[in-house]
Protein chains: 2
Amino acid sequence: MTGQKQVTSSDVAKLAGVSRTTVSFVLNNAPNAQIPEETRQRVLMAAQQLGYYPNAAARSLASQHTNNIGVLLCQSADRLFADVFLMEVLSGIHQVIRPKGYHILVEAVEDVTAPDAYIGLVRSRHIDGLMVSGPRADDTQLPRIHAERFPVVLLGRLPNSDLCQVDVDNVRGARAAVEHLLALGHRRIAFISNGPLVYTASRDRLRGYVAALTTAGVPHDESLVRYGNFSRASGYAAMQSLLELPERPTAVFVASDVVAFGALAALRDAGVHVPDEMAVIGFDDVPLADQVTPPLTSLHLPARELGQTAAEILLKLIAGEAITNRLVSLDTRLVIRESTGKPGTLQSQPDMAASQDTR
Amino acid sequence: MTGQKQVTSSDVAKLAGVSRTTVSFVLNNAPNAQIPEETRQRVLMAAQQLGYYPNAAARSLASQHTNNIGVLLCQSADRLFADVFLMEVLSGIHQVIRPKGYHILVEAVEDVTAPDAYIGLVRSRHIDGLMVSGPRADDTQLPRIHAERFPVVLLGRLPNSDLCQVDVDNVRGARAAVEHLLALGHRRIAFISNGPLVYTASRDRLRGYVAALTTAGVPHDESLVRYGNFSRASGYAAMQSLLELPERPTAVFVASDVVAFGALAALRDAGVHVPDEMAVIGFDDVPLADQVTPPLTSLHLPARELGQTAAEILLKLIAGEAITNRLVSLDTRLVIRESTGKPGTLQSQPDMAASQDTR
DNA sequence: GCGAGTTAGTAACTCGTGTCACTCATACTA
DNA sequence: TAGTATGAGTGACACGAGTTACTAACTCGC
């Protein structure tokens, strides 16, 4: 297609006056072969001069590895948020993987349950390892691939699986959120979930909420719990419903920033002042969480770090190393803004590794 | 690494009782070879039964194409926005490319000016074509790759280049924004750029602003122009400066939503009501443009369509087809929200293909 | 029954690199 | 001097598929 004749290792060998084998040894720093510095330099010069780049396909064919890792995106319901989140994750993966000479093959799949959704990627030896973002329990290919001992790391939780998994510690994050509200003096704290409880993340965030209350000796009032569905609208509705309660909560933990935006809108429309009449804390710390009125206190997801650690694990798996810790949980970071009260106005009681927003 | 023995076409041939050549012919639907249906079925069954997937490397080596296309991200200054935007673009590319059997190799590069930044991807025949997002004029590899007649499509503008380019029509978009304000009756309209004028996009948006005013016979007042730098803070400062003018504008076109968020904050802090005392219109229509107070009227960037058209062009280039239109401009779409006034309250004068926000 | 034309299928070469096993000097040892 | 290391480098095969040029068998017309 390009019309350009490819420079091969034979050309380099010819120019350097050595055999092709020697060229290969020099360029790959073969540990066994002894090559005198003088020859080495001659080969390197020749390669440089000709602008030689080894053919990737030939190299893969011979060496049995591609230096590609696959990133499979099974986009979940919260698209909007997933977008920006995933780009950060990708960036983290890239950061770790590039210095080792790997490339990223991105694959999005609409229907993971299709029998041929992505197994071809693995079987055709397109990639050396696979990263699955948003794994699903009804994915039948994952077990098969795992059974073939193909390196796989999941970004997200998949219960009852012994695959390597990297995820955010949703329970601890939710706990931290509620503890922050408790530390500010709130006792009547409501909860709006990010999504339905079929999602592990939603379940875990609810669990963290309950746990924090229990630990603090605050009774868990079921009537203060509402469910969102990842959308702004669901947050609006949930908050409206909470406002109709005979005894209003003084604070609400919304397990998703986007849903929290809806809640904020509902509060504004109802003329309820945030944070004086109602403190609001979100989750995810989406990029524009500090742009709304009032700027939203939230829990920052370590997206880049998720990508990095997952990539490190995957590289180990590819190298055949043993993984000691198959379930990694990364901590969220509490970012305090104005929606929970101006810092310092109330009792400021540093409960966790909380950081002021410095964007 | 995986320990699993790969199924080869020889295995399939053996099982089907034919030669390897026949297997290849059947599986690739070779147009020349005549294969009776009965044999065809036998081969297909055998392949199916063994779970045969052709080895990608071997296939690439023999056929001289990889079925991979590279997407190079040269992240620009407006990172925050780029993230979500790029994911949309990727999605569009994927949509077009996947059905044709192509995969996406994502590569981010921090320093494009490095002599070896990404040319290896091309030279090593890792990919069949390249898409460059955010191309830069000081990129020295691009001309070299182009000279080798390697298929390349740019996402963005690169003046003085005969490479294929797909971009948003920033001039027309800006024009539409200002025309909307004019149609609402505004005459004193300020401008805040998204970034410094070294960026083509910034220059074009300014040009569109001036063009719209000129066409409408409104004199262009230089004192109403301010420059942002992609950040919220720059928008805040720019708007403050505009508010200090002896004769305030009644509307402002901010050539970036993020910068516009800053402007909105400045207006709120100054107690200026939007849109009654000051109409504000943004550009980009970032996902949370409808989440701020008041929801921001903006121009929607067709991110997915950008990816799609770029992908279509790249596929044509790879196939060796001639490209008639090397400079494609996609139109933005005016999304009217509350920051320019409730629709219908003033004279509603449909100026362009404006659509109500239906998110 | 014979050449021409078609059908069905294959042997053998190619793609470019990695790597094992082996050679040929030269240097060192006893 | 014979024998053995060691250093420097190569020949040849493997990797798995695409593809060209060819053959063998079979059909048809006369």
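Predicted, not measured: the structure shown is a model, and the values here were computed from it.

**Observations regarding the overall build of chain A**
- Secondary structure summary: chain A contains twelve helices and 13 strands in total.
- Against the globule reference of 21 Å for 359 residues, chain A gives a C-alpha radius of gyration of 26 Å, more extended than a compact globule.
- Across its three principal directions, the C-alpha atoms of chain A cover 90 × 45 × 40 Å.
- Per-residue burial over chain A gives 53% buried out of 359 residues.
- Nonlocal contacts in chain A, meaning residues at least 24 apart in sequence, comprise 70% of its contacts between residues at least 6 apart.
- As displayed, chain A has an accessible area near 15,800 Å², and 52% of this comes from carbon and sulfur atoms.

**With respect to the environment of Ile104(B)**
- In this structure, Ile104(B) sits in strand β2 (residues 103-108).
- A relative accessible area of 2% means that Ile104(B) is categorised as buried.
- Residues Ile104(B) and Ala137(B), 33 residues apart in the sequence, show an inter-C-alpha distance of 25 Å.
- Residues contacting Ile104(B), with those up to four places away along its chain left out, are Ile104(A), Leu105(A), Val106(A), Ile69(B), Val71(B), Leu90(B), Ile93(B), His94(B) and Ile97(B).

**Some details on the protein's contact with DNA strand C**
- Close to DNA strand C lie 24 residues, the nearest being Ser9(A), Arg20(A), Tyr52(A), Ser19(B) and Thr22(B).
- Among the atoms of DNA strand C close to the protein, meaning within 4 Å, 57% are from sugar or phosphate groups.
- One of the side-chain nitrogen or oxygen atoms of Ser24(A) is found 3.0 Å away from a phosphate oxygen of DNA strand C.
- Looking at the surface near DNA strand C, the elements with two or more residues in it are α2 (20-27) and α4 (56-63) of chain A together with α2 (20-27) and α4 (56-63) of chain B.
- Counting residues per element, the surface near DNA strand C draws most heavily on α2(A), at four residues.
- Considered class by class, the residues forming the surface near DNA strand C number ten nonpolar, twelve polar and two charged.

**Observations concerning the domain arrangement of chain A**
- Under the domain assignment used here, chain A contains domain 1 (9-54), domain 2 (68-169 + 303-332) and domain 3 (170-301 + 334-356).
- Taking the mean C-alpha position of each, domain 1 of chain A and domain 2 of chain A sit 37 Å from one another.

**Re the interface of chain B and chain A**
- Taken together, the contact between chain B and chain A spans 57 residues of the former and 57 residues of the latter.
- For the pair chain B and chain A, the summed buried area comes to about 5,000 Å², and 59% of that belongs to carbon and sulfur atoms.
- Considering only the side of chain B, the residues that lose the most area to chain A are Tyr53(B), Met87(B) and Gln291(B), jointly responsible for 13% of the buried surface there.
- Summed over the shared surface of chain B and chain A, the number is two salt bridges.
- When the shortest N-O distance is used, the salt bridge between Arg98(A) and Glu107(B) registers 3.2 Å.
- Of all the secondary-structure elements, those providing two or more residues to the side of chain B that touches chain A are α4, β1 (68-73), α5 (79-97), β2, α6 (119-123), α11 (257-269) and α12 (303-319) of chain B.
- In terms of residue count, α5(B) provides more of the side of chain B that touches chain A than any other element does, eight residues in total.

**Re the protein's contact with DNA strand D**
- Surrounding DNA strand D, one finds 26 residues, the nearest of these being Ser19(A), Thr22(A), Ser9(B), Ser24(B) and Tyr52(B).
- Put simply, 56% of the atoms of DNA strand D that lie within 4 Å of the protein are in sugar or phosphate.
- Within the side chain of Tyr52(B), an N or O atom sits 2.7 Å from a phosphate oxygen of DNA strand D.
- Listed by contribution, the elements that provide at least two residues to the surface near DNA strand D are α2 and α4 of chain A together with α2 and α4 of chain B.

**Focus on the sheet that holds strand β7 (residues 225-226) of chain B**
All names here are of chain B.
- The four strands lie next to each other as β7-β6-β8-β9, forming an open sheet whose pairing is parallel. Strands at the two margins of the open sheet, each flanked by one partner only, are β7 and β9 (279-281).
- When strand β6 (residues 189-192) meets strand β8 (residues 251-254), the two strands line up parallel, connected through four bridges. Bridge pairing in β8 links Ala-190 to Val-252.
- Relative to the sheet, helix α10 (residues 232-243) contacts β6, β7 and β8, its axis offset from that of β6 by approximately 150 degrees.

Rules used in this analysis
- Residues numbered from 1 in each chain as written.
- Chains lettered and ligands numbered in written order.
- Predicted model: local features only at pLDDT ≥ 70, side-chain atom pairs only at ≥ 80, totals over all residues.
- Heavy atoms only, no water.
- Helix = DSSP H or I, 4+ residues; strand = E, 2+ residues; numbered from the N terminus.
- Rg over C-alpha atoms; globule rule 2.2 N^0.38 Å.
- Buried < 20%, exposed > 50% of the residue type's maximum accessible area, 1.4 Å probe, protein only.
- Contact = heavy atoms within 4.5 Å.
- Areas by Shrake-Rupley, 256 points an atom, 1.4 Å probe, with all protein chains shown as cover.
- Near = heavy atom within 4 Å.
- Polar contact = N/O pair within 3.5 Å; in protein donor to acceptor, adjacent residues only side chain to side chain.
- Nonpolar A, V, L, I, M, F, W, Y, C, P; charged D, E, K, R; others polar.
- Domains from an automatic or database assignment.
- Buried area = accessible area lost by both parts, 1.4 Å probe.
- Salt bridge = Lys/Arg side-chain N within 4 Å of Asp/Glu carboxyl O.
- Pairing = 2+ DSSP bridges.
- Axes fitted to C-alpha atoms, helices over the stretch in contact; angles between N-to-C directions.

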